[in-house]
Amino acid sequence: MKRLIVLLGVAGVSLSAVFVRWSTAPSLVLAFYRMAFSVLLLLPLALARRGEFRALRRRELSLSLLSGAFLGVHFACYFESLRWTSIAAAVVLVDTEVLFVALASVLVLRKKLSRRAWTAVLLAFGGSVAVALADSGGGGTALRGNLFALTGSVCMAVYTMLGAVCRRTLSTTVYTTLVYTSAAGTVLAAALAGGQALIGWGPVNLLAGLGMAVFCTLLGHSVFSWGLKYLPPAFISTANLLEPVLASVWGLLLFGERPGVLVVFGGTLILLGIGLYSREEA
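Since we're looking at a predicted model, the values are computed, not measured.

1. A word on the overall build of the protein chain
Counting its secondary structure elements, the protein chain contains 14 helices and zero strands. From first element to last, N terminus to C terminus, the protein chain shows the α and β order α-α-α-α-α-α-α-α-α-α-α-α-α-α. Counting only C-alpha atoms and orienting by the principal axes, one finds that the protein chain spans roughly 55 × 50 × 40 Å. In the protein chain, which comprises 282 residues, the share counted as buried stands at 46%. Of the contacts made within the protein chain by residues no fewer than 6 positions apart, 88% connect residues no fewer than 24 positions apart.

Here it is, written out as structure tokens:
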């Protein structure tokens, strides 16, 4: 039953691209809607943790807020990538986050990877290059979207590494509340600095933001955090590999998007690399 719940969480996360495709608001505005709704939905749980909030140390608070800032940039880049490239390419590239975490662990933390882990990283890297160069949209538009997706993946990797430090002492509720609040503030500041209006985009965009907050954030990513308490991390990592597949299916069924041969080939290499690396780390 627990495994089924995690798989349903993956299905929820895969809907993110669908909500973005249906929306018409700028990426920063849409990212703000998602994060703002997530904070509001978490508020009742956060109020029950008032004591833990008051006991926060400066280092925990600073790292959590910094982590949230990178999460906000991740969403803005990911949403923007979906304006320029296919759902299949955007999702598979943004999911290469684990590879940037691996490289950062080697370069920053001086961690040593096994030969099999390096093989996995190189496989996924080759696949990323293939997908990033798959410019089926013409005029360089797909390449632009693919680069946005890769930037979002790097930001997600930083968010993950900072989160690993914060979660040693903070509960899921406190950490996610701080992170989502910081992410909302980050994209809000960027939107206002760019002169983008936050209102007047119509109900469809508010519903898209609410849908992502419910299905993709609370019933998606939060389910993964819950699942780590009861299931092996290897299963969670492997289950996450279904997200690009499901998102591509939604793209085909709802928007008639057929991924090109190079995207399919590169995406397969990426998923193989991530799967192999996840098993090796487990």
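2. Focus on the nonpolar core
Formed by 41 residues in total, the largest nonpolar core has its most connected members in Leu71, Tyr78 and Phe79. Of all the secondary structure elements, the ones that give two or more residues to this core are helix 2 (16-22), helix 3 (27-47), helix 5 (58-84), helix 6 (87-94), helix 9 (141-166), helix 10 (172-193) and helix 11 (203-227). In contact with Tyr78, not counting residues within four places along its chain, are Ser16, Ala17, Ala90, Val91 and Val94. Judged by nonpolar contacts, the second largest core, of 13 residues, contains Ala89, Ala132, Ala149 and Leu241.

3. Points about the packing of aromatic side chains
Two descriptors summarise a pair of aromatic rings, namely the distance from one centre to the other and the angle between the planes of the rings. Across all of its chains, the model carries six aromatic pairs by this definition. Judged by centre distance (6.4 Å) and plane angle (50°), the ring pair of Phe32 and Tyr33 falls under tilted. In terms of burial, Phe32 and Tyr33 fall into one category: buried. A centroid spacing of 5.9 Å and a plane angle of 45° characterise the contact between Tyr78 and Phe79, whose relative ring orientation is tilted. We note that Tyr78, like Phe79, is buried. If you follow Arg144 out to its NZ or CZ, it ends over the ring of Trp84, 4.2 Å from the centre.

4. Observations regarding the environment of Ala190
When you line up the elements, Ala190 lands in helix 10. Given the relative accessible area of 33%, Ala190 is considered partly exposed.

5. Some words on the pattern of salt bridges
Throughout the structure, instances matching the rule amount to three salt bridges. Here Glu52 and Arg49 are joined by a salt bridge, their closest N and O atoms 3.3 Å apart. Look at Arg49 and you get partly exposed, because its relative accessible area is 37%. Across the salt bridge formed by Arg57 and Glu60, the nearest N and O atoms sit 3.0 Å from each other. Residue classification places Glu60 among the buried positions, given a relative accessible area of 11%.

6. Focus: a nonpolar patch on the surface
A cluster of nonpolar side chains, Phe125, Val129, Leu133, Leu143, Leu147, Leu262 and Phe265, forms an exposed patch at the surface whose accessible area comes to about 660 Å². For the nonpolar patch, the secondary-structure elements that each account for two or more residues are helix 8 (115-132), helix 9 and helix 14 (261-281). Of note, Leu133 is situated in the loop between helix 8 and helix 9.

7. Considerations on the environment of Leu143
Among the structural elements, Leu143 can be located in helix 9. Counting along the chain gives 61 residues from Leu143 to Leu82, while the straight-line C-alpha distance between them is 11 Å.

8. Considering the side chain of Glu97
By secondary structure assignment, the location of Glu97 is in helix 7 (residues 97-107). What makes Glu97 buried here is its relative accessible area of 18%. Contacts of Glu97, omitting those with residues within four sequence positions, involve Ser153, Met156, Ala157 and Thr160.

Conventions adopted
Residues numbered from 1 in each chain as written. Predicted model: local features only at pLDDT ≥ 70, side-chain atom pairs only at ≥ 80, totals over all residues. Heavy atoms only, no water. Helix = DSSP H or I, 4+ residues; strand = E, 2+ residues; numbered from the N terminus. Buried < 20%, exposed > 50% of the residue type's maximum accessible area, 1.4 Å probe, protein only. Contact = heavy atoms within 4.5 Å. Core = buried A, V, L, I, M, F, W, Y, C linked by side-chain atoms within 4.5 Å. Phe/Tyr/Trp six-rings, centres within 6.5 Å; stacked < 30°, edge-to-face > 60°. Lys NZ or Arg CZ within 6 Å of the ring centre and 35° of its normal. Salt bridge = Lys/Arg side-chain N within 4 Å of Asp/Glu carboxyl O. Patch = residues over 30% accessible without salt bridge, like charges linked within 9 Å, V, L, I, M, F, W, Y side chains within 5 Å. Areas by Shrake-Rupley, 256 points an atom, 1.4 Å probe, with all protein chains shown as cover.

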